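Below are the chains, spelled out letter by letter.
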Amino acid sequence: MARLTNKKRAQSNKQLWERANNSHRQRWQALSQKGFDFYLNEQLSKKEVDSLEESGMPTFIINRVTPIVEIMKYFVTANNPKWKAVGATGDDVDTAQVHSDIADYCWYLSNGKSLYSQVVLDSLTKGVGYFLVDVDKDADRGMGEVQFKRIDPYDVYVDPASRDFLFRDATFVIIRKNLSRSTLINMLPEHAIKIRKATR
């Protein structure tokens, strides 16, 4: 019975992903990738380079995009964000301070400044950047730690009906990552036989 339930859950997730991965999302990703390629100094396609070479024109690029993006990233990430919890009433001040300290600790533990820099770079070059607050069960000698992580924007699929710019009205948000079979077996060794048998 559990196997059927898991299968239905997988089918439901696949249907949601197919709904989110519509033509608008695919077009956004293609255009966003072009913007990221510009940042990486890949501003001419092979066809354009070949055409310029055939015409005897220079193919070098004066990259004005990357320095501007780096300056913007520097100014945004020059200081670490400060975490401040505020109590609802006067007697909540001590509890609020504990929450602020925990957030600061998790930020430090996660190398937050580097993550922040990457998320800002994603937002400048790909149009959106994501933080993920996650639990690493193996950290701190198996006791677990709350950590900040970065998600590649191209791995995030949001409910296409969402209209809020922070996706607060989304009925679902899917994080989908393509992994090799060997990586999956390393992550889930207890399911190695099923993974080897799976065709897709």
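Located above this text is the structure these notes cover.
In this report, the structure presented in the accompanying data block is examined.

Rules and cut-offs
- Residues numbered from 1 in each chain as written.
- Predicted model: local features only at pLDDT ≥ 70, side-chain atom pairs only at ≥ 80, totals over all residues.
- Heavy atoms only, no water.
- Helix = DSSP H or I, 4+ residues; strand = E, 2+ residues; numbered from the N terminus.
- Buried < 20%, exposed > 50% of the residue type's maximum accessible area, 1.4 Å probe, protein only.
- Polar contact = N/O pair within 3.5 Å; in protein donor to acceptor, adjacent residues only side chain to side chain.
- Lys, Arg positive; Asp, Glu negative; His and termini not counted.
- Salt bridge = Lys/Arg side-chain N within 4 Å of Asp/Glu carboxyl O.
- Contact = heavy atoms within 4.5 Å.

## Quick look at unusual backbone geometry
Now for step 1: In this structure, R141 is a non-glycine residue whose phi angle is positive, near 55°.
Now for step 2: Residue placement: R141 occurs in the loop between β1 (130-136) and β2 (145-151).
Now for step 3: On the accessibility criterion, R141 (78% relative accessible area) is exposed.
Now for step 4: Here F167, not a glycine, exhibits a phi torsion of approximately 60°, which is positive.
Now for step 5: Tracing the backbone through its elements, the reader meets F167 in the loop between β3 (156-158) and β4 (173-175).
Now for step 6: Overall, F167 belongs to the partly exposed group, its relative accessible area being 30%.

## Describing the environment of D155
Now for step 1: Within the secondary structure, D155 sits in the loop between β2 and β3.
Now for step 2: Residue D155 is classed as buried on the basis of its relative accessible area of 14%.
Now for step 3: As a C-alpha pair, D155 and K7 span 148 residues in sequence and 22 Å in three-dimensional space.
Now for step 4: Side chain to side chain, D155 and K177 meet in a polar contact 3.0 Å long.

## Here's the deal with the side chain of R25
Now for step 1: When you line up the elements, R25 lands in helix α2 (residues 23-39).
Now for step 2: For the buried R25, which has no salt bridge, the nearest side chain bearing the opposite charge is D155, at an N-O separation of 6.8 Å.
Now for step 3: R25 has contacts with A20, P153, Y154, D155, V156 and Y157, leaving out every residue within four places of it along the chain.

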